[in-house]
Structure formats: structure tokens, C-alpha cells
Amino acid sequence: QVQLVESGGGLVQPGGSLRLSCVASGSIRSIYVMGWFRQAPGKQRELVASVTSGGSITYADSVKGRFTISRDNAKNTVALQMNSLKPEDTAVYYCNADSVVSDAGYGWDYWGNGTLVTVSS
């Protein structure tokens, strides 16, 4: 059973920084894509950033230049460094792993439970 656990959310003032971390567990052999999505109240879940096992990175336009995604393939972890945070970044942030090979076989689209980020003065 593949599981994702996020940590690092919280309350931060505008202009501040937070770092989110996610670890995937469950006899994992490989993960093709790991990423972060977010969902603000009343809005659809949206991609924030993703990174492939080969290092290809995608960012949402709204976070380019402010957020940095990083990944450790050996440890099955992904992190999101968020700088210059704005009130509109307030959302529940979800870790995602897609195209996962584990001892149980092949699976896709695994999600963590989410961690709340609130940007407010």
C-alpha cells in the first residue's frame, strides 16, 4: 500500500517562507512523477509544481520564481520551498505521486491527506 505523508504547513505572514515535505512509503521501487497540488476554498485543485524522476520540472505560472520543487529519488521524498508567499497562496497543499512501481505492482495517482498553508497578517 503506497502512502504519502506531507508536513510543513502552517500560518505565515505575506512575504514569508514555508517548506513543505512529502515522503512516500510502501515498498516502492520507482516513482515517475512527484508533485504538489493545492486547493483553495471554493476552487478546484490545481497543479503547483511537479518533477519527474529524470528531473524535468513544471511550475504553475502563478508560483514561478517564488516556489522551488526538489526531489530525492532514493528516499522517495519531494519538497516544496515556498518564498514570497501571498495571501492567494492560501490553500490545502497535497502531495501527489504518479506512475508508481512497488512490490504490489504498478499504480498511479496517489495522494496525501494534505497540509494547510495560510498566508495572512
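See the structure shown above.
Residues numbered from 1 in each chain as written. Predicted model: local features only at pLDDT ≥ 70, side-chain atom pairs only at ≥ 80, totals over all residues. Heavy atoms only, no water.

Q: Can you tell me about the state of the cysteines, naming the residues and giving the values?
A: Applying the stated criterion across every chain, the model contains one disulfide. The disulfide bridge from Cys 22 ends at Cys 95, spanning 2.0 Å between sulfur atoms. On the S-S bond that ties Cys 22 to Cys 95, the torsion sits near -80 degrees, and the link is left-handed. With Cys 22 in strand E3 (residues 18-25) and Cys 95 in strand E9 (residues 91-102), this pair connects stretches of sequence that are 73 residues apart. Of the residues examined, Cys 95 reaches a relative accessible area of 0% and is grouped as buried. (Disulfide = S-S within 2.5 Å. Helix = DSSP H or I, 4+ residues; strand = E, 2+ residues; numbered from the N terminus. Buried < 20%, exposed > 50% of the residue type's maximum accessible area, 1.4 Å probe, protein only.)

Q: Describe the sheet that holds E3, and please don't skip the residues or the numbers.
A: In spatial order, the strands read E1-E3-E8-E7; together these four strands make up an open sheet with antiparallel pairing. The open sheet has two free edges, formed respectively by strand E1 (3-7) and strand E7 (67-72), since each of these has just one partner strand. For this sheet the average axis-to-axis angle between neighbouring strands, irrespective of direction, equals 15 degrees. With six bridges connecting them, E3 and strand E8 (residues 77-82) associate as antiparallel partners. Looking across to E8, one finds that Val 23 is bridged to Thr 77. (Pairing = 2+ DSSP bridges. Axes fitted to C-alpha atoms, helices over the stretch in contact; angles between N-to-C directions.)

On their own, these measurements won't tell you what the molecule is for.
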